[in-house]
Amino acid sequence: MSADGVPRPDHDTEQGTTAPGAARKGTAQPGTAAPTAVALRGVEIRYGADPALRATLDIAPGERVALVGPSGAGKSTLLGLCRGARPLAAGTVEVLGVDLAAASRRGLRAVRSRIGSVHQGLDLVGPLTALQNVSAGRLGRWGTARSLASLVRPVGPGPALEAMRRLGIEDLAGARTDRLSGGEQQRVALARVLVQDPALVLADEPIASLDPGRARVVMDLLTEVVAGDARTLLVSLHDFAAAQETCDRVVGLRRGEVVFDLPAGEVTAAHRDALYRLGA
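The shown structure was predicted, so the numbers you read here are calculated from the model rather than taken from an experiment. (Residues numbered from 1 in each chain as written. Predicted model: local features only at pLDDT ≥ 70, side-chain atom pairs only at ≥ 80, totals over all residues. Heavy atoms only, no water.)

### Side note on the side chain of threonine 232
Reasoning step 1: Mapping threonine 232 onto the fold places it in strand β9 (residues 232–237).
Reasoning step 2: Only 2.9 Å separates the side chain of threonine 232 from the backbone nitrogen of glycine 62, close enough to count as a polar contact.
Reasoning step 3: Contact partners of threonine 232, with chain neighbours within four places excluded, come to Ala37, Ile59, Ala60, Pro61, Gly62, Glu63, Ala199, Leu200 and Val201. (Helix = DSSP H or I, 4+ residues; strand = E, 2+ residues; numbered from the N terminus. Polar contact = N/O pair within 3.5 Å; in protein donor to acceptor, adjacent residues only side chain to side chain. Contact = heavy atoms within 4.5 Å.)

Structure (structure tokens):
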């Protein structure tokens, strides 16, 4: 038991074990180095004199990993780190095989074009149609002129319409995005990620503003349709049950520290209760 009351073994971070014969996605063969989609090595981020995050974490290609913990635990900071949007005080961050701190501007842009993001605010353009917003998923691969033209009239709308069909919103293609419900806007944002076709999806509290019923639908779409079997998903959540039920692995953060890192099926109510205990 740690000073925070979070169940831990003798070492600092509780690591889960995979049952014999239960190979996980992205697991390397014996004698080979395990591939990683995200590798944080001795990472430290500070805001002033105070550490905001200290972490060492590996995420294999194809894994669906949930970050859970109270507000201010470092979940959004860790996601920003994976986009190269946070300065490091120590350590290294490798995303899709690239050391972000050592990458050139061009190299960093190339990595970011392979990362799909779902933000709490969704970053949709309200006056544009749902189809135009979904089509924006391809902007990272286009030049400036073509990108601007697509905001007036979607260029080659086939992939965007197919993404909307997969998410059940093809009938909303011509609707103004700011007139859609919260759940419909969330599906537009997910369809935009599908069109981008990234290798890594980072989602920051994607269901925070939804009621429980719609939240579960969106999480199912995020994990089964958007991430699927091939894409890696790293998602921050306050909904502990959703993390356990829809992700392969759960990483608990508290006060900027990783306090447990376990397969979802091994996370217990004791982990949850200690992680969110007030006053600790």
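Okay, back to it.
### Description of the packing of aromatic side chains
We describe a pair of aromatic rings using the distance from one ring centre to the other and the angle between the two ring planes.
Reasoning step 1: Counting across every chain of the model gives one aromatic pair.
Reasoning step 2: A ring pair is formed by phenylalanine 240 and tyrosine 276, whose centres lie 6.2 Å apart and whose planes are at 80°; its orientation type is edge-to-face. Taken as a pair, phenylalanine 240 in helix α8 (residues 240–246) and tyrosine 276 in the segment after α9 (269–275) lie far apart in primary sequence, 36 residues in all.
Reasoning step 3: Residue phenylalanine 240 is classed as buried on the basis of its relative accessible area, which comes to 7%.
Reasoning step 4: Given a relative accessible area of 26%, tyrosine 276 falls into the partly exposed group. (Phe/Tyr/Trp six-rings, centres within 6.5 Å; stacked < 30°, edge-to-face > 60°. Buried < 20%, exposed > 50% of the residue type's maximum accessible area, 1.4 Å probe, protein only.)

### Structural notes on the pattern of salt bridges
Reasoning step 1: In the structure shown here, the tally under the stated rule is 15 salt bridges.
Reasoning step 2: With its nearest N and O atoms 2.6 Å apart, the salt bridge here joins aspartate 178 to arginine 176.
Reasoning step 3: A relative accessible area of 33% places arginine 176 in the partly exposed class.
Reasoning step 4: Look at the salt bridges and you will find they share partners, linking Glu44, Arg46, Arg54 and Glu257 into a network. (Salt bridge = Lys/Arg side-chain N within 4 Å of Asp/Glu carboxyl O.)

### A closer look at the environment of alanine 208
Reasoning step 1: Position of alanine 208 relative to the elements: it lies in the loop between β8 (200–204) and α7 (212–227).
Reasoning step 2: Overall, the relative accessible area of 55% leaves alanine 208 in the exposed class.
Reasoning step 3: Separated by 88 residues in sequence, alanine 208 and glutamine 120 have C-alpha atoms that sit 7.4 Å apart.

### Concerning unusual backbone geometry
Reasoning step 1: Here aspartate 123, not a glycine, exhibits a phi torsion of approximately 60°, which is positive.
Reasoning step 2: Along the chain, aspartate 123 turns up in the loop between β7 (115–118) and α3 (130–135).
Reasoning step 3: A positive phi angle, near 60°, is found at aspartate 197, a position not held by glycine.
Reasoning step 4: Tracing the backbone through its elements, the reader meets aspartate 197 in the loop between α6 (182–196) and β8.

### Quick word on the nonpolar core
Reasoning step 1: The biggest cluster of nonpolar side chains holds 49 residues, and the ones touching the most others in it are Met164, Leu167, Leu190, Ile207, Leu222, Val235 and Phe260.
Reasoning step 2: Ranked by the residues each element gives to this core, the list is headed by α7, at eight residues.
Reasoning step 3: Look past the residues within four positions of valine 235 in its chain and what remains in contact with it is Val65, Ala66, Leu67, Ala203, Pro206, Leu222 and Cys247.
Reasoning step 4: With 30 residues, the next largest nonpolar core counts Val65, Leu100, Val111 and Val258 among its residues. (Core = buried A, V, L, I, M, F, W, Y, C linked by side-chain atoms within 4.5 Å.)

### Considering the packing of helix α5 (residues 158–166) against α6
Reasoning step 1: Contact geometry of α5 with α6 gives a least axis separation of 9 Å together with a crossing angle of 130°. With respect to α6, the element α5 is oriented oblique. Pair α5 / α6 crosses with right-handed handedness. Taken together, the residues of α6 that come into contact with α5 (itself represented by Pro159, Ala160, Ala163, Met164 and Arg166) are Ala191, Leu194 and Val195.
Reasoning step 2: Counted by class, the contact of α5 with α6 contains seven nonpolar, no polar and one charged residues. (Axes fitted to C-alpha atoms, helices over the stretch in contact; angles between N-to-C directions. Parallel < 35°, antiparallel > 145°, perpendicular 65-115°, else oblique. Left-handed = near helix turned anticlockwise from the far one by under 90°. Nonpolar A, V, L, I, M, F, W, Y, C, P; charged D, E, K, R; others polar.)

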